Amino acid sequence: MVIRFVIPGEPKGKGRPRLGRSGHAYTPHDTAVYENLVKVCFKDDNPSFEPIAPDVGITVRITAYYGIPKSTSKKKRLAMLLDHLQPLKKPDCDNIVKIVCDALNGIAYHDDAQIYELYFIKKYSETPRVEMSIGWETEEDGE
């Protein structure tokens, strides 16, 4: 089986935990907001979905579409849209994967440790977003 969903807006990366004055670690506000957006987008597209069983391995595909700056020339814009130029900028792919996969713990799957195969691509688009698909085999698939 495969489920897909889209997270609108510029791709965001997971921020490093911060230490408060009392010495306790906390998640940065921007990270918490984006993780909540991921959860809402997943639940909106898959309202009655139950997390994938913990003994099932999953494949994840993530494509991060970065917006094209308004000041970009027409020639460069076209090159970006045709994938002749890739977004070699932050956030890093590992931080995007981390924020999206962590947000789905307990919602799409029990733990992101179940991910045994991962594909990630950065692209440019007129519509910035992150597209994600989660695949796994069921008994009906003929394991």
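Structure shown above.
Residues numbered from 1 in each chain as written. Predicted model: local features only at pLDDT ≥ 70, side-chain atom pairs only at ≥ 80, totals over all residues. Heavy atoms only, no water.

### A look at the overall build of the chain
Helix and strand content of the chain: three helices and six strands. The secondary structure elements of the chain, listed N-terminal to C-terminal, are β-β-β-α-β-α-α-β-β. Dimensions of the chain, computed from the C-alpha atoms along their principal axes, are close to 50 × 50 × 25 Å. By residue count, 36% of the 143 residues in the chain fall in the buried class. Across the chain, the fraction of contacts at a sequence separation of at least 24, relative to all contacts at a separation of at least 6, is 83%. Roughly 9,000 Å² of accessible area belongs to the chain as shown, and the carbon and sulfur atoms make up 52% of that amount. (Helix = DSSP H or I, 4+ residues; strand = E, 2+ residues; numbered from the N terminus. Buried < 20%, exposed > 50% of the residue type's maximum accessible area, 1.4 Å probe, protein only. Contact = heavy atoms within 4.5 Å. Areas by Shrake-Rupley, 256 points an atom, 1.4 Å probe, with all protein chains shown as cover.)

### Quick look at the pairing of strand β1 (residues 2–8)
Every second residue of β1 is oriented toward a common face, the buried set being Ile 3, Phe 5 and Ile 7 and the non-buried set Val 2, Arg 4, Val 6 and Pro 8. Two elements, β1 and strand β6 (residues 129–135), share seven bridges in a ladder whose sense is antiparallel. Across the sheet, the residue bridging to Ile 7 is Val 130, located in β6. (Pairing = 2+ DSSP bridges.)

### Here we look at the side chain of Lys 122
With respect to the secondary-structure elements, Lys 122 resides in strand β5 (residues 115–125). Within the local environment of Lys 122, its side chain forms a polar contact with the backbone oxygen of Lys 89, the two atoms lying 2.6 Å apart. Polar side-chain contacts of Lys 122 include one of 3.4 Å to the backbone oxygen of Pro 91. (Polar contact = N/O pair within 3.5 Å; in protein donor to acceptor, adjacent residues only side chain to side chain.)

### Details of the nonpolar core
Within the largest apolar cluster, 31 residues are counted, with the highest numbers of intra-cluster contacts made by Leu 104, Met 132 and Ile 134. Here this core gets six residues from one element, more than from any other, and that element is helix α3 (residues 93–103). Excluding anything up to four places from it in sequence, Ile 134 contacts Met 1, Val 2, Ile 3, Phe 42, Ile 52, Ile 58, Thr 59, Leu 104, Ala 108 and Tyr 109. (Core = buried A, V, L, I, M, F, W, Y, C linked by side-chain atoms within 4.5 Å.)

### Here we look at the sheet that holds strand β4 (residues 58–67)
Within the open sheet, the four strands sit side by side as β1-β6-β4-β5. Their pairing is mixed. Lying at the two open borders of the sheet, with one neighbouring strand each, are β1 and β5. Pairwise comparison of adjacent strand axes, ignoring direction, gives a mean angle of 15° for this sheet. Here β4 runs beside β6; their pairing, made up of seven bridges, is antiparallel. Its bridge partner lying in β6, Thr 59 is registered against Gly 135. Relative to the sheet, α3 contacts β1, β4, β5 and β6, its axis offset from that of β5 by approximately 115°. (Axes fitted to C-alpha atoms, helices over the stretch in contact; angles between N-to-C directions.)

### Focus: α3
Every α-helical turn comprises 3.6 residues, leaving residues that sit three or four positions apart pointing alike. Among the residues making up α3, those that are buried are Ile 96, Val 97, Ile 99, Val 100, Cys 101, Asp 102 and Ala 103. For α3, the secondary structure elements touched by its buried residues are β1, α1 (29–45), β4, β5 and β6.

### A word on the environment of Pro 91
When you line up the elements, Pro 91 lands in the loop between α2 (74–81) and α3. Through-space distance from the C-alpha of Pro 91 to that of Asp 111 is 23 Å; in sequence the pair is 20 residues apart. In contact with Pro 91, not counting residues within four places along its chain, are Pro 11, Lys 12, Gly 13, Tyr 66, Ile 96 and Lys 122.

Worth remembering: the numbers are spatial, not functional.
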